[in-house]
Amino acid sequence: MPADEAGAAGKRPAEDGEEGGESSGGLRVKLKVTLPTRKKAKSTTEENDDLSESEDTKSDDENNEEKDWSDLIAKTDHGQRPLFVGKDRHCFLEKFSPFFKYAEDFMIAISEPVSRCEFINEYEMTQHSLHAAVSIGLETDTIIERLNLLCKTKLPQSIENFIRGCTAVYGKVKMVIVDDRFYLETPSRSIYDTLSGDEMISSAKTGNSGQGLLARQFGSALPANVRVVGKTPSMGGADSLGSGGARAAAGAAEEDLAKLEAMMEGQGEQDEEGGGMEVPQSQMWHIEVDRKMHLDVKKRCLEINLPCLEEYDFKNDKVTPDLKIEARPGTFIRSYQEKSLSKMFSHGRARSGFIVLPCGAGKTLVGITAVANVKKCAAVICNTSLAVTQWKQQFTSTWTNVKESDVTCFLSKGGDWQGKPLGRLLITTYPMITLDKKRSKAGEALIDEIKKRQWGIIVLDEVHLSFADKFWQVFNVCKAHCKLGLTATLVREDDKIKELKNLIGPKLYEADWQDLAHQGYLARVQCVEVWCPMTPMFMKCYLESEKRQRKDLWIMNPNKLTAVEFLVKYWEDQDHKIIVFSDDLRPVVAYSHRMGRHCLTGSDDSAKREEILGKFRDPSSDVKTIFMSSVGDAAIDLPDASVIVQISSNFGSRQKEAQRLGRILRPKPNSNAAFNAHFYTLVSKDTQEMYFSTKRQRYLVDQGYAFKVVTRLDHDGHDLFTMNAGAGKYGGTEMERDLLQMAVEDRHEARMRATMGEGGSG
């Protein structure tokens, strides 16, 4: 009997409470909402300090007014509209509405997803999200009009004021890069006069200014040979509106619904080219600025409240070296990948920013397609040397025809870069670019070559894992006209994401995890939390120990070993591939050695690591389970893995929890079961680990995943956790004493023991 079916499955209590109300008489909404503390904290950190509407500058009265929605009047046809917009900028979208698909695309464009549940999605409008909306061509009036059409109530005036305040000037000025020359571009003569009259900007002018200096070409978001699969018709439309009495509303209400329906039908075409009314290029005003002063000009534009967006005019760029690259015939991308690229490319220009796709959803292919579309020399920056190898293989063998001689893999060990000229495609790691220590002569020479070259595009893989203060070094070494950040989880436990957005650009696109799973693009994952009671000896030590040592005890809990053995045996018997994770080296080394399974840690050389991973990927191999430290959290391609068991993680890191679940998100063939992948996290019951586990799961819960709780492991009619008079399988045994010794010994000794033990594992 599998663990996820064993015992009683409890439900986790709600994290925070919310009060709600009902519509009185169908017209007035009476809601008084108390927002969860964590969401209020998010708002205060994300908003810009100088924004008058910022949470941290509001009085208590203003905050209380935002939480009181009792004066919002529901429209007579509110049942036909899918969206509720609150005064606090939180928006709630009905997933069962025929307009959901259109409304979802629009809300992702203008707001940040907060929570995606089975029936309702929650979003929050922020300054950054509205800036991102402007960057893809949505205008202020368009945003307000569409919100009014979708909203069940009259749009609160405070929301309209906030939108106008965030979008009034943002996007009205662009920094266009072409032929390694920098131009300020604006459709407004008055803004042009303001820029021209500014003393600092005037000092940076080259003398080339006026109307219609730059041409604009119409280009596809996709390179030649790339086709799209999975195109779906727009949701809703005339058929859905005509059923079930949806046309019952009369007068202005019916006119609004008709406008919404018409807008849905034309939305795809508008979004392809950014939406909004296009100003002819001949009517645009331009000021060329000195390339050495362009960063100062951008800073000055921000100071005079005219922040500028960067666009790279790669179609007209004749100076940046070309990269000979074409997609291989028969290359297909999915519809959501095409949509993400359409937010990046428009009119032969490329915007800088982030694309957020779940693990296993094809971020690498999106990055490669972007490089193939720009066709200029490119740099790809990864987190690990293993990821560098995988990117090179995807470029040269899988998706494009780029030549090996055009690729430089800059690594500390291997990479085959020494003694060879710098290729037009550079693939390296963040540490190799930002290294502060003294380099070898060959390394210094290559870095100098990288600095001298002007790169067309830089792709930043797993960008959320890198610290913002290091990014200045990345861009100082590798100067690129276009920056594309790829990530599955645009979250950090600190406030660095805001800094990354300022350095790279806005979020261009974010996919819905559950939506992709329902379409078959991702595995259907069951998340299970196994509550492992502490053995009496471990609980006694836990209660008597200092706070610092308690973590070691909940990690080395003998009942976690019991759970790992139980789950590995069960799923190996079902012919599944299993990964066992732990941030702490001690359990993965000890458990793998005891169970005779392979163990991968950061100290393994790349040859050994690739050999073990190769065996794990081979369907005919008897290697069905591997133990991994945090080295396996990202950039390891294991498409056949379908079960993850997590022994321990890094306190309350939401990012790490999502990254690990991502190792099994690749779609699984030939499975009609409700779930075809399984994620188990082991938690020591009645310890502080339960609190950290709840924090870690927040991001996944917000993506629509539910955690089932298992408290028993039944084997031959006995609960393995409570056998032996409640001591568990290993209570009172030599194994329990060994695990306790590992838990209480000095950290340095533990690392030495783990290092010595690795050689015997596998």
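To start, this report covers the structure provided alongside it. (Residues numbered from 1 in each chain as written. Predicted model: local features only at pLDDT ≥ 70, side-chain atom pairs only at ≥ 80, totals over all residues. Heavy atoms only, no water.)

In a pair of packed helices, the angle between the axes and the distance between the axes together describe the arrangement. In the contact formed by helix H21 (residues 547–555) and helix H27 (residues 734–744), the axes pass within 8 Å of each other and the chain directions differ by 145°. For the crossing formed where H21 meets H27, the hand is right-handed. Between H21 and H27, the contacting residues are Gln549, Asp552 and Leu553 on the first element and Leu740, Ala743 and Val744 on the second. Taken together, the residues of the contact of H21 with H27 sort by class into four nonpolar, one polar and one charged. (Axes fitted to C-alpha atoms, helices over the stretch in contact; angles between N-to-C directions. Helix = DSSP H or I, 4+ residues; strand = E, 2+ residues; numbered from the N terminus. Left-handed = near helix turned anticlockwise from the far one by under 90°. Contact = heavy atoms within 4.5 Å. Nonpolar A, V, L, I, M, F, W, Y, C, P; charged D, E, K, R; others polar.)

If you trace the seven strands from one edge of the open sheet to the other, you get S20-S21-S19-S22-S23-S18-S24, paired in parallel fashion. Two strands bound the open sheet, and with one partner strand each, they are strand S20 (407–410) and strand S24 (507–510). For this sheet, the mean inter-axis angle between neighbouring strands, taken without regard to orientation, is 15°. As paired strands, strand S18 (residues 353–356) and S24 are joined by three bridges and run parallel to one another. Following the sheet pairing, isoleucine 355 is matched in S24 by tyrosine 509. Contacting S18, strand S22 (455–460), strand S23 (480–487) and S24, helix H12 (residues 335–344) runs over the sheet at an angle of about 170° to S24. (Pairing = 2+ DSSP bridges.)

Moving on: the pairing of strand S19 (residues 378–382). Across the five residues that make up S19, a large majority, five, are buried. Side chains Ala378, Val380 and Cys382 project from S19 onto one buried face, and the interleaved Ala379 and Ile381 project onto a second face that is buried too. Pairing analysis gives five bridges linking S19 to strand S21 (residues 425–429), with the strands arranged parallel. The partner of alanine 379 across the bridge, within S21, is leucine 426. As defined by bridge partners, S19 adjoins S22 across four bridges and the pair is classed as parallel. Residue pairing in the sheet places alanine 379 in a bridge with isoleucine 458 of S22. (Buried < 20%, exposed > 50% of the residue type's maximum accessible area, 1.4 Å probe, protein only.)

Now for the packing of aromatic side chains. Per the stated rule, a full pass over the model turns up 12 aromatic pairs. With 6.1 Å between their ring centres and 35° between their planes, tryptophan 391 and phenylalanine 395 make a pair best called tilted. Highlighted residues: tryptophan 391 and phenylalanine 395, both in helix H14 (residues 385–399), separated by four residues, approximately one helical turn. Residue phenylalanine 395 is classed as buried on the basis of its relative accessible area, which comes to 0%. Here arginine 550 stacks its cationic end above the ring of tyrosine 542, 5.0 Å away from the centre of that ring. (Phe/Tyr/Trp six-rings, centres within 6.5 Å; stacked < 30°, edge-to-face > 60°. Lys NZ or Arg CZ within 6 Å of the ring centre and 35° of its normal.)

The final tally for this structure, using the stated rule, is 39 salt bridges. Close ionic contact of lysine 298 with glutamate 310 constitutes a salt bridge, the shortest N to O distance being 3.0 Å. Here the residue lysine 298 occupies a position in helix H11 (residues 294–303), and glutamate 310 occupies one in strand S14 (residues 308–312), the gap between them amounting to 12 residues. The partner of lysine 392 in a salt bridge is glutamate 404, and the shortest N-O contact between them spans 3.1 Å. Of this pair, lysine 392 sits in helix H14 while glutamate 404 sits in the loop between H14 and S20, placing them 12 residues apart in sequence. Lysine 392 sits in the partly exposed class, given a relative accessible area of 25%. By relative accessible area, which is 48% here, glutamate 404 ends up partly exposed. Taken together, the shared-partner salt bridges connect Lys174, Glu185, Glu311, Arg349 and Arg351 into one network. (Salt bridge = Lys/Arg side-chain N within 4 Å of Asp/Glu carboxyl O.)

Further remarks concern the packing of helix H3 (residues 100–110) against helix H5 (residues 140–150). Two numbers describe how H3 lies on H5: the axes approach to 12 Å, and their chain directions differ by 140°. Relative to H5, the element H3 lies oblique. Remark: the crossing between H3 and H5 carries left-handed chirality. Two secondary-structure elements touch here, H3 through Tyr102, Ala103, Phe106, Met107 and Ile110 and H5 through Ile143, Arg146, Leu147 and Leu150. Of the residues assigned to the contact of H3 with H5, the class counts are eight nonpolar, no polar and one charged. (Parallel < 35°, antiparallel > 145°, perpendicular 65-115°, else oblique.)

Turning our eyes to something else, we now look at helix H6 (residues 157–167). Listed as buried for H6 are Ile159, Glu160, Phe162, Ile163, Cys166 and Thr167. Looking straight down H6, one finds its buried side chains confined to an arc of 160°; they lie on one side. On its buried side, H6 packs onto strand S5 (83–85), helix H4 (127–135) and H5. (Arc of directions from axis to C-beta.)

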